[in-house]
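Per-entry structural report
Chain residues, written in single-letter form:
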Amino acid sequence: MTRKIRSALISVYYKDGLENIIKLLGESGITIYSTGGTQQFIEKLGIKAIPVEELTGYPSILSGRVKTLHPSVFGGILGKRDDTTHVQEMNQYSIPEIDLVIVDLYPFEETVASTTDEKLIIEKIDIGGPSMIRSAAKNFNDVLVIANKNDYEALENLLREQKSETTLEQRRAFAIKAFDVCTAYDTAISNYFHQLSFITPFNKPEKTLRYGENPHQGARFFGNLDQLFDQLNGKELSYNNLVDVDAAVQLILEWKPPQTPPKEGLPYTQGQLTEDSSFNKTPNLSGSSQVSPLGGDLEGASVFAIIKHTNVCGIAQRPTVRESWEAALAGDPESAFGGVLICNGTIDKLTAVEINEIFFEVLIAPAFDENSLTILRSKKNRILLLLKAQTEIKEQYKSALNGVLIQGIDNRNYAEWKEVGGRETTPAEKEDLAFANIVCKHLKSNAIALVKNKQLIGKGCGQTSRIDSMRQALEKAKQFNFDLRGAVMASDAFFPFNDCVKMGHEAGITGFIQPGGSIRDNDSIEYCKENNLAMVITGMRHFRH
């Protein structure tokens, strides 16, 4: 069922992107009703706009709190065109039909972010806007509602191509978006009054992706990637790219960036990350401040990681970016194919030459020198991202059954560092164990990470039993000819039996780190004591599903 737009009500806070729509409405002879600043904006374009005050018979009152809350406005939006009684009443009270509603909302969350003045915050709680949006969405049978400036382009195309006519399917689709806007807005207000930090994503810029996890799945992204990255090359990020990029960024922020600026005089492109941009959430034994069991903050060092399906398949820490890349790749050169690469230092020419030899989807770094960009841009679809800010996510959420699960992010690494084995860890083991614990935290459960000299040399992840993950990790190390003598092992959860420790010891592993908490913890601890092996209990599990 098509409807012809003959009248429109426009009242918006943000007016950018609206000019072409106003001109199209004017050219089509569509009657426009408007308020305050929006009316002035429209009239400056040379288009006539009828003030809402003429419609209601009342001026804007109570410092602008009451402008549109009147039957002449809401009757025109909610009146059903195919209901004889509605039509008669609208005629009786001289209520004009309103076919198009373009309304956005006061910037409540932006105000909360910019001030603590509650009076200013309260004034940014929109009343008329959500009411008009909900009314228009409810009456989608007759009315088209636009509640987000991101939909202006779609509206403009519709006005041009369909000569101001709309289909029921189109009106319904925009109504769904409008209800989403209102839900997000109300949630933000509720969270403010409850003093919760969760920010719903649906009031952020929306982008439709090519498809979801698979080609038959639709997908959208809510957020502003430009705040985090400058894209220096390549195609548009896909759903799977975004998931892997998120995993990569969360991992690399565990380390401070190395304090090694590019060579003097060499042009380079650099983001905004500083040494304070890392998670670096490694607590001391008191559990208060975030310091490393090694005696201080994790030192800035070159770390390079390779991510595949959100799992770490290669990672290493070395004195230079090039060396860390070579060691990360050596950990599992097969899985690196088609992966997402990330480092915490400057990509230089020599490193770029080596990276350029393999196929990868995305490379993320806080800086690129110009020579490296020339090399890496040789493939037009290769995505290069300049990381310029850290994420500020405080919660994670996922749909579950008929609801949504929300949890805080896993931004700590230890509750304690408790040596319980047959001997104290050596300095080298301690560094490797700290490194392995972080890597294991970023693998899917059940997870095992094998590390030697700050290089991942074997991992098992996503298995239904811990012993299967252990077997997988050992097989990976064997596949690429790593010597496990003197290596260490991390587990994301406790050892229910001593089988993993025993298997690791037989392969040459000398140090273990795990959260503990099993009723049979003592089985693994006693095995370590009997065989002079080091074991650390962290008191903090890191399941990842």
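The preceding data block contains the structure.
Bear in mind that the values here come from a model prediction, so they are computed numbers and not experimental data. (Residues numbered from 1 in each chain as written. Predicted model: local features only at pLDDT ≥ 70, side-chain atom pairs only at ≥ 80, totals over all residues. Heavy atoms only, no water.)

Remarks on the pairing of strand E24 (residues 488-491)
Heads up, the rule is: Each residue is placed in one exposure class: buried if its accessible area under a 1.4 Å probe, protein chains only, is under 20% of its type's maximum, exposed if it is over 50%, and partly exposed if it falls in between. Secondary structure elements follow DSSP: runs of H or I of four or more residues count as helices, runs of E of two or more count as strands, with numbering from the N terminus. Strand pairing is assigned whenever DSSP detects at least two bridges linking the two strands. By convention, a crossover is right-handed whenever its connection, traced from the first strand over the helix to the second and viewed with the strands pointing away, goes clockwise.
Of the two faces of E24, the one lined by Val-488 and Ala-490 and the one lined by Met-489 and Ser-491 are each fully buried. Pairing of strand E22 (residues 448-451) with E24, which is carried by four bridges, proceeds in the antiparallel orientation. Bridge pairing links Val-451 to Val-488 in E24. As paired elements, E24 and strand E25 (residues 511-514) share three bridges and run parallel to each other. Residue pairing for E25: Ala-490 is matched across the bridge by Ile-513. Handedness of the crossover is the feature at issue here: the chain leaves E24, passes through helix H17 (residues 499-507), returns alongside E25, and the resulting connection is right-handed.

Re the sheet that holds strand E18 (residues 383-387)
We apply this condition: Each axis is a line fitted through C-alpha atoms, taken for helices only over the stretch in contact, and angles between the N-to-C directions span 0 to 180 degrees.
Pairing in this open sheet of six strands is mixed, and the strands run E10-E18-E16-E14-E12-E13 from one edge to the other. Each of the sheet's edge strands pairs with one partner strand only, and the pair in question is strand E10 (229-233) and strand E13 (311-318). On average, each strand axis in the sheet is inclined to that of its neighbour by 20 degrees, with strand direction left out of account. Sheet topology places strand E12 (residues 302-308) next to strand E14 (residues 339-343); four bridges connect them, and they run antiparallel.

What to know about helix H16 (residues 466-479)
Short version of the rule: Expected helix span is taken as 1.5 Å per residue step, with the number of steps being one fewer than the number of residues. Here, two residues are considered to be in contact whenever any of their heavy atoms come within 4.5 Å of each other.
An ideal rise of 1.5 Å per residue puts 20 Å on 14 residues; H16 measures up with 20 Å between its terminal C-alpha atoms. Considering only its buried residues, H16 is in contact with E22, strand E23 (456-460), E24 and H17. Just downstream of H16 lies Asn-481, where phi reads positive at about 60 degrees.

A few points about the environment of Asp-468
To keep things clear, this is the line we draw: Whenever two N or O atoms come within 3.5 Å, that pair is a polar contact, provided that in protein one can donate a hydrogen and the other can accept it, and provided that, for residues adjacent in sequence, both atoms are side-chain atoms.
As for its placement among the helices and strands, Asp-468 is situated in helix H16. As a C-alpha pair, Asp-468 and Ile-448 span 20 residues in sequence and 9.5 Å in three-dimensional space. A polar side-chain atom of Asp-468 sits 3.1 Å from a polar atom in the side chain of Ser-465.

Thoughts on the pairing of E23
Among the five residues that make up E23, five are buried, leaving the element largely enclosed by the rest of the structure. Summarising the sheet, E22 and E23 pair through four bridges and their orientation is antiparallel. Note on E23: the bridge partner recorded for Ile-448 is Gly-460. Hairpin remark: E22 followed by E23, antiparallel, with four residues in the connecting loop; positive phi at Asn-453, about 55 degrees.

Description of the nonpolar core
Applicable threshold: What is meant by a nonpolar core is a set of buried Ala, Val, Leu, Ile, Met, Phe, Trp, Tyr and Cys residues, joined one to another through side-chain atoms within 4.5 Å.
Ranked by size, the top nonpolar core spans 45 residues in total, and within it Val-245, Ile-315 and Ile-364 carry the most contacts. Setting aside chain neighbours within four positions, we find Val-245 in contact with Phe-229, Leu-237, Val-340, Val-362, Ile-364 and Leu-385. The next biggest cluster of nonpolar side chains, apart from the first, holds 29 residues, and it includes Leu-55, Val-73, Val-103 and Ile-189.

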